[in-house]
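Structural features, examined
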Amino acid sequence: MFVHPSFDPIAIHLGKFGIHWYGLMYLVGFLAFLGLGKWQINHRKWHGWTIAMLDDALFFGALGVILGGRLGYVLFYQFSYFIHHPLEIFAVWQGGMSFHGGFLGVLVAMWLFAHKYQLKWLNIMDFVAPLVPIGLGAGRMGNFINGELWGRVTNAQWGMVFPKVDNLLRHPSQLYEFGLEGIVLFSALWIYSSKPRETGAVSALFLIGYGSFRFLAEYTREPDAYLGLLSMGFSMGQWLSLPMILLGIWMWFQAQKQRFN
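A brief report on the enclosed structure follows.

Analysis parameters
- Residues numbered from 1 in each chain as written.
- Predicted model: local features only at pLDDT ≥ 70, side-chain atom pairs only at ≥ 80, totals over all residues.
- Heavy atoms only, no water.
- Pairing = 2+ DSSP bridges.
- Helix = DSSP H or I, 4+ residues; strand = E, 2+ residues; numbered from the N terminus.
- Polar contact = N/O pair within 3.5 Å; in protein donor to acceptor, adjacent residues only side chain to side chain.
- Phe/Tyr/Trp six-rings, centres within 6.5 Å; stacked < 30°, edge-to-face > 60°.
- Lys NZ or Arg CZ within 6 Å of the ring centre and 35° of its normal.

Now for the sheet that holds strand β5 (residues 169–170). Taken together, 3 strands build an open sheet; the order of strands is β1-β4-β5 and the sheet is mixed. Taken across any chain shown, the strands that pair with only one partner, and hence form the sheet edges, are β1 (2–3) and β5. The sheet contact formed by β1 and strand β4 (residues 160–161) spans 2 bridges and is parallel. Paired with Phe2 across the bridge in β4 is Met160.

Take the side chain of Gln174 next. Inspection of the secondary structure assignment puts Gln174 in helix α7 (residues 173–192). From its side chain, Gln174 meets the backbone oxygen of Glu148 in a polar contact 2.8 Å long.

The subject of this paragraph is the pairing of strand β2 (residues 10–14). One ladder, built from 4 bridges, connects β2 with strand β3 (residues 17–20); its direction is antiparallel. Paired with Ile10 across the strands is His20, a residue of β3.

For the rest of this paragraph, the subject is the packing of aromatic side chains. Considering all chains together, one arrives at 18 aromatic pairs under this definition. Among the aromatic residues, those joined into a ring-pair cluster are Trp49, Phe59, Phe60, Phe113, Tyr117 and Phe127. The residue whose ring lies beneath Arg197 is Tyr192, and the NZ or CZ to ring-centre distance is 4.0 Å.

Okay, here's the thing in structure tokens:
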């Protein structure tokens with residue numbers, strides 16, 4: 001049995017102000033995007049990117065993540081609450097971000113980026129996809145440090161007690177997602193994208209991989225109290241992941257057709 005160490009949510013205290021762990025995890029994700037992106041520019045020259053483009057993509061992407069993530073949380077998870085408390089939509093320091101909303105925000109941001117540089121949107125997404133999982137993993141580590149998004153009750157020997165919740169053994173689902181959505185997904189995408197692929201193939205693998213890992217991990221994650229389980233016993237996270245998986249499969253077959261055209 002393990003006990004969650006109940007970390008101080010503030011990593012660095014600066015007088016009356018502080019830098020939260022979750023904010024640092026966002027920074028890790030953005031730095032990983034830049035570092036890995038520069039490596040790709042130098043070693044995978046078939047993408048045709050420049051450092052200036054990478055910096056621009058980070059700016060567009062960061063806006064997409066933050067705005068889309070917040071709006072996604074409002075619309076997908078707590079719409080009935082925020083419709084009566086609209087000003088709290090802007091209180092991002094209180095927490096509440098949705099990956100699927102952030103994902104949609106990034107899609108829009110990259111569409112604008114592609115329009116600016118007159119490039120194909122799918123080619124942009126193929127370059128960006130391998131740079132994302134490290135940030136996803138960092139975000140899940142932030143969830144673990146904060147002791148939020150805990151798992152369902154379990155009898156597993158590696159179960160963990162989250163004292164802020166109760167004294168029951170629970171799945172450390174944040175760590176499962178850190179491993180699957182962060183380490184495993186990054187490894188798969190990085191290796192697969194190490195040589196030129198058909199347009200859309202890398203993006204398709206991202207959709208299939210993230211959607212599948214998130215869908216499976218949700219079985220160990222405690223459903224949101226204000227939503228519970230929805231139809232067919234699926235959580236909101238699972239229902240939002242299914243379209244990603246289906247779209248990814250379709251894109252994969254479309255990409256493979258390019259070999260024969």
